[in-house]
Amino acid sequence: MFSKLLNRGLRGGIGLLLLFFAFSLIGVFFEKIPIEIEFKNEQYLDIVSFLSNSKISAIALNYLVILLNSFLVYKILISEEITTKHNLFSQFIYLLICVVCVNPYQISSYLIASGFTLFSLYKIISYYRIDNALKSLFESAFWLGFSFFISITNMFFLPVFFISLLILRPFVIREWLVFLVGLIVPAVMYECFAYLTNLEQGYVIKALTIFYNQFKFPVINEYFLPFLFLFGIIFLLSLINLLFVGLGNNVKTQKFKKILFWYLPFCFFVIFSKGSNATRILIILSLPLSLFIGEFLSVIKAQKIIDTIMLLLIFSGLLIKLLAIGVI
């Protein structure tokens with residue numbers, strides 16, 4: 001069932017994706033128990049905290065961000081020809097991770113910050129083979145720099161973007177300078193605003209200092225363990241599959257997968273930060289998980305195996321939601 005629909009591209013898979021999104025949106029209104037609350041350090045600036053944290057506003061903003069992020073994943077993987085157009089497994093995996101991680105009692109700063117990371121990554125990927133790419137580079141750097149003020153953890157992915165520049169194109173000093181200027185502009189804007197108001201100046205440096213001093217093992221709710229275990233096993237199988245089939249025939253696809261491989265080690269800095277939990281781990285790893293697992297599922301010829309894997313993932317996610325509703 002899942003394999004047939006998701007292998008038909010938008011014509012067959014969009015209905016399944018929208019139906020799954022609608023059911024998850026309806027179900028979230030019945031959640032009574034917050035499974036995992038994001039850790040908030042009072043010494044961090046949190047732009048999201050200025051928004052109302054009522055249940056309705058949290059649900060509305062979280063699900064709007066999920067829709068926008070899902071669209072960005074589609075733009076990165078499909079429009080930029082990273083995966084084949086008839087394969088929507090990656091979009092379904094990404095959507096599943098997000099709806100399981102969303103909390104109706106709290107606006108997710110990680111989810112919002114990951115959206116800016118996705119947009120910056122999309123701009124970096126789109127500048128491949130473009131003659132005049134300065135505008136795309138500036139936009140990528142600007143929104144990446146802006147995301148530091150939503151979640152300081154995004155700072156740890158900055159080296160990935162410099163590595164991406166080296167992977168995608170030859171070194172051009174003007175392009176690197178434009179990228180650096182784009183990174184600096186949000187910090188300058190913040191410092192000017194902080195000078196005129198009561199906000200703390202030098203936020204990024206102070207927040208990073210706090211972050212470095214608070215590394216510890218993540219605390220994971222036991223109801224997330226089946227979900228994490230299944231994703232871990234399938235992700236490992238997808239990496240083993242890549243060893244045999246390679247990174248793809250398309251040069252652009254190969255370069256993007258190399259970028260994601262560089263992305264993975266920097267995730268460990270975020271995973272082992274204070275207050276890290278299953279929600280943060282899954283959101284941080286959502287892009288590589290969705291791409292590699294989606295491609296792995298698309299090459300499996302036995303439809304029953306694909307449907308079984310998808311059902312196991314859905315039921316493990318449903319277990320978490322049933323606990324939140326109070327059924328178990």
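Residues numbered from 1 in each chain as written. Predicted model: local features only at pLDDT ≥ 70, side-chain atom pairs only at ≥ 80, totals over all residues. Heavy atoms only, no water.

**Points about the overall build of the protein**
Put simply, the test is: Only DSSP runs of H or I covering at least 4 residues are called helices, and only runs of E covering at least 2 are called strands; the numbering of each starts at the N terminus. Burial classification: accessible surface area is computed with a 1.4 Å probe over protein chains only, and a residue below 20% of its type maximum counts as buried, one above 50% as exposed, and the rest as partly exposed. Contact definition: two residues touch when any of their heavy atoms are within 4.5 Å. Only the protein chains shown count as cover for residues, and all accessible areas are computed by the Shrake-Rupley method using a 1.4 Å probe.
Across its full length, the protein holds 14 helices and zero strands. Sequence-ordered secondary structure for the protein, helices as α and strands as β, is α-α-α-α-α-α-α-α-α-α-α-α-α-α. Within the protein, buried positions represent 55% of all 328 residues. Partitioning the contacts of the protein with sequence separation of at least 6, the portion at a separation of at least 24 is 82%. When the accessible surface of the protein is totalled, it reaches about 15500 Å², and 71% of it is carbon and sulfur.

**Description of a nonpolar patch on the surface**
Note the threshold: Residues enter patches when they are more than 30% accessible in relative terms and free of salt bridges; like-charged ones are connected within 9 Å and nonpolar ones (Val, Leu, Ile, Met, Phe, Trp, Tyr) within 5 Å. Only one rule defines a salt bridge in this text: a Lys or Arg side-chain nitrogen within 4 Å of an Asp or Glu carboxyl oxygen.
There is a patch of nonpolar side chains on the surface, built from Phe-229, Ile-233, Leu-236, Leu-237, Ile-240, Leu-243, Phe-244 and Val-245 and spanning about 870 Å² of accessible area. The residue Leu-236 is located in helix H10 (residues 225-245) in this model. For Leu-236, a relative accessible area of 48% translates into the label partly exposed.

**Examining the packing of aromatic side chains**
Under the convention used in this document: Centre distance within 6.5 Å is the pairing criterion for rings of Phe, Tyr and Trp, where only the six-membered ring of Trp is used; planes under 30 degrees apart are then read as stacked, over 60 as edge-to-face, and the remainder as tilted.
If you walk through the whole model with that rule in mind, you get 15 aromatic pairs. Here the aromatic rings of Phe-138 and Phe-142 are separated by 6.2 Å at their centres, their planes lie at 20°, and the arrangement is stacked. Linking Phe-138 with Phe-142, this pair stays in helix H6 (residues 134-147), spanning four residues, or about one helical turn. Classification of Phe-138 by relative accessible area gives partly exposed; the value is 30%. Plain terms: the ring middles of Phe-157 and Tyr-263 are 4.7 Å apart, the flat faces sit at 10° to each other, and that makes the pair stacked. Here Tyr-263 lies in helix H11 (residues 251-271) and Phe-157 lies in the loop between H6 and helix H7 (158-168), a separation of 106 residues in the sequence. With respect to burial, Phe-157 and Tyr-263 carry one shared label: buried.

**So, the side chain of Lys-257**
Its location among the elements puts Lys-257 in helix H11. Not counting residues within four places of it along the chain, the set of residues in contact with Lys-257 comprises Leu-242, Leu-247, Leu-291, Phe-292 and Glu-295.

**Some thoughts on the pattern of salt bridges**
One pass over the full model with this rule turns up three salt bridges. Where Glu-175 meets Arg-169, a salt bridge forms, and the shortest distance between an N and an O atom there is 2.9 Å. Pair check on accessibility: Glu-175 and Arg-169 agree, each one buried. Between Glu-295 and Lys-257 there is a salt bridge, with its nearest N and O atoms 2.6 Å apart. Residue Glu-295 is located in helix H13 (residues 286-299), and its partner Lys-257 is located in helix H11; the two are separated by 38 residues in the primary sequence. Classification of Glu-295 as buried rests on a relative accessible area of 18%.

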